[in-house]
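Reading the structure
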Amino acid sequence: MYQKKLGSTGLFVSELCLGTMTFGGGAGMWRQIGALDQTEAGRLVGRALEAGINFIDTADVYAEGLSEQITGQALRDLKVPRDSVVVATKGYGPMGPGANAKGASRLHLIDACKASLKRLQLDHIDLYQVHGFDPATPIEEQVRALDILVQHGHVRYVGVSNWAAWQIVKALGISARAGLARFETLQAYYSIAGRDLEREIVPMLRSEGLGLLVWSPLAGGLLSGKYAGGAGEGRRASFDFPPVDRPRADACIDAMRQVAEARAVSVAQVALAWLLHRKAVTSVIVGAKRLDQLEDNIAATELSLSDAELDALDAVSALPPEYPGWMFERQGARAQQLAESGRPGVR
């Protein structure tokens, strides 16, 4: 399994990351997503580490804190050396009643991080991420709060999840100006059926040197190819998320099924392999309820798609043209034409 640099840091993480949203259950949507107990979760963690996955992602809101507890206990039960695993978690969501038990204020982020450390049974978190954008808290306050956590040794690196490109760039400017710990990663939704972030976010990530951590690479299980059209089966029967352009997704599944049948692999492996071939992607977060699902996900790292297969998948999943992107394409074509011209200048 490949190891990739995390953003502009010297830290390396595996190209697959074990997501723990299926750990714990709890109430409401968390039970619909997964309700693995300590023993079941421990098997998944052990197998992931054995396969070369050194990266685990969780969040305080998953199963209302139970996911972090189970993850931390699994690492302890397995006697995993601390320096052999990169643990990421997130804070922002509501963890209690009251207006200040959520959001990205200095008060909440610092308290949330310390609570996560306790649940995880760790002395530090390798990657701490703001789980959403808080319009009520100035970006500078959020960045300074994260820097405090780094300076105090509670956190090694910081990142965000579900932020827009302009918000991240503004935060990076503040960090550079004030000499604060900068965002190294963005955790975002990305799949062959959901390529929206390629418009603004991916160019920004590549320009600024941030790593991309992909959540829901199979679009909530839809891209596994097991469900023919509609949301009437699987997790999407009761939790139809993330939103997907269904006709485009169905076309992608049909194209991936052709590749899968020719290669004797699963459709899910093709969907994951397509992401692993994207240059902007640092690590793809995979979640599983069963060991066989995790094994299938791990096998995607061995699937090398040909240029022809990638071209076919890119074509069927392509985003429709949107301004100003189509202007950039015209300008790019003109620049390429000029570069290839045998005569300098333009007429």
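In the block above lies the structure referred to throughout.
Basis of the calculations
- Residue indices follow the written sequence of each chain, beginning from 1 at its first position.
- Thresholds applied to this predicted model are a pLDDT of at least 70 for local features of residues and 80 or more for the giving and counting of side-chain atom pairs; totals over whole chains, interfaces and linings are not thresholded and use all residues.
- Processing note: side-chain calculations cover all non-hydrogen atoms of the structure and skip hydrogens and water entirely.
- Helix and strand labels come from DSSP, where a helix needs a run of H or I of at least four residues and a strand needs a run of E of at least two; each type is numbered from the N terminus.
- To get the radius of gyration, use the C-alpha atoms; to get the globule rule, take the number of residues to the power 0.38 and multiply by 2.2 Å.
- Buried residues are those whose accessible area, probed at 1.4 Å on protein chains only, stays under 20% of the maximum for their type, while exposed residues exceed 50% and partly exposed ones sit between those limits.
- Contacts between residues were defined by any pair of non-hydrogen atoms, one from each residue, lying within 4.5 Å.
- What sets the accessible areas is the Shrake-Rupley method with a 1.4 Å probe; for residues, cover comes only from the shown protein chains.
- Aromatic rings from Phe, Tyr and Trp, with only the six-membered ring used for Trp, were paired whenever their centres fell within 6.5 Å, and each pair was classed as stacked if the ring planes differed by under 30 degrees, edge-to-face if by over 60, and tilted otherwise.
- A side-chain nitrogen of Lys or Arg and a carboxyl oxygen of Asp or Glu constitute a salt bridge if their distance falls within 4 Å.
- In this analysis, the protein atoms alone were mapped onto a 1 Å grid. Cavities are point sets where a 1.4 Å probe fits without being able to get out; pockets are open sets with protein on both sides within 12 Å along at least five of seven lines; lining residues have an atom within 4 Å of a point.
- Grid points are joined across faces, edges and corners, and a volume is the space filled by probe spheres set on the points.
- Just so you know the grouping, Ala, Val, Leu, Ile, Met, Phe, Trp, Tyr, Cys and Pro go in nonpolar, Asp, Glu, Lys and Arg go in charged, and all remaining residues, Gly too, go in polar.
- Here, any two strands with at least 2 DSSP bridges between them count as paired.
- When the strands point away from the viewer and the connection leading from the first strand across the helix to the second strand turns clockwise, the crossover is called right-handed.
- What makes a nonpolar core is a set of buried Ala, Val, Leu, Ile, Met, Phe, Trp, Tyr and Cys residues whose side-chain atoms join them at distances within 4.5 Å.

**Looking at the overall build of the protein chain**
For the protein chain, the count of helices and strands is twelve helices and ten strands. For 347 residues, the compact-globule estimate of 2.2 N^0.38 gives 20 Å, and the C-alpha radius of gyration of the protein chain, at 21 Å, lies within 12% of that figure. In terms of principal-axis extent, the alpha carbons of the protein chain reach across some 65 × 50 × 35 Å. Here the protein chain, with 347 residues, has 51% of them falling under the buried criterion. Partitioning the contacts of the protein chain with sequence separation of at least 6, the portion at a separation of at least 24 is 76%. In the structure as shown, the protein chain presents an accessible area of about 15900 Å², 53% of it carried by carbon and sulfur atoms.

**Points about the packing of aromatic side chains**
In this structure the tally under the stated criterion is six aromatic pairs. Seen from their ring centres, Tyr189 and Trp215 are 5.4 Å apart, and the 40 degrees between their planes marks the pair as tilted. Taken as a pair, Tyr189 in strand β8 (residues 183–189) and Trp215 in strand β9 (residues 211–215) lie far apart in primary sequence, 26 residues in all. Like Tyr189, the residue Trp215 is buried in the burial classification.

**Regarding the pattern of salt bridges**
For the structure on display, the rule yields 15 salt bridges. The partner of Glu68 in a salt bridge is Arg119, and the shortest N-O contact between them spans 2.7 Å. Here Glu68 is found in helix α3 (residues 66–77), whereas its partner Arg119 is found in helix α4 (residues 106–120), with 51 residues between them in sequence. A relative accessible area of 0% means that Glu68 is categorised as buried. Take Arg119: its relative accessible area is 18%, and that puts it in the buried class. Across the pair Arg199 and Glu322 runs a salt bridge, and its minimum N-O distance is 3.3 Å.

**Section: the layout of surface pockets**
Space inside the second largest pocket adds up to approximately 330 Å³. For the second largest pocket, the lining is made up of 13 residues, of which Glu198, Arg199, Glu322, Gly325 and Glu329 are closest to its centre. Among the residues making up the lining of the second largest pocket, the classes are represented as seven nonpolar, one polar and five charged.

**Regarding the pairing of strand β7 (residues 155–161)**
The side chains of a regular strand alternate between both faces of the sheet. Most of β7 is tucked away: five of the seven residues are buried. Relative to β7, strand β6 (residues 125–130) runs parallel, the two sharing five bridges. Paired with Ile125 across the two strands is Val155, which belongs to β7. Crossover connection from β6 via helix α5 (residues 139–151) to parallel β7: handedness right-handed. Judged from the four bridges that link them, β7 and β8 form a sheet pairing that is parallel. Its bridge partner being in β8, Ser161 is matched across the sheet by Gln187. Note that the unit made of β7, helix α6 (residues 165–178) and β8 has a crossover that is right-handed.

**Regarding the nonpolar core**
In terms of nonpolar packing, the biggest core is built from 92 residues, with Ile168, Phe183, Leu212, Leu223, Met256 and Val284 touching the most fellow members. If one sorts the elements of this core by residue count, helix α9 (residues 267–276) sits on top with nine residues. Among residues more than four places away in sequence, those in contact with Leu223 are Ser191, Ile192, Ala193, Pro217, Leu218, Ala249, Ile253, Met256, Val267, Ala268 and Ala271. Among the nonpolar cores identified, the runner-up in size contains ten residues, and Leu6, Cys17, Leu127 and Leu213 belong to it.

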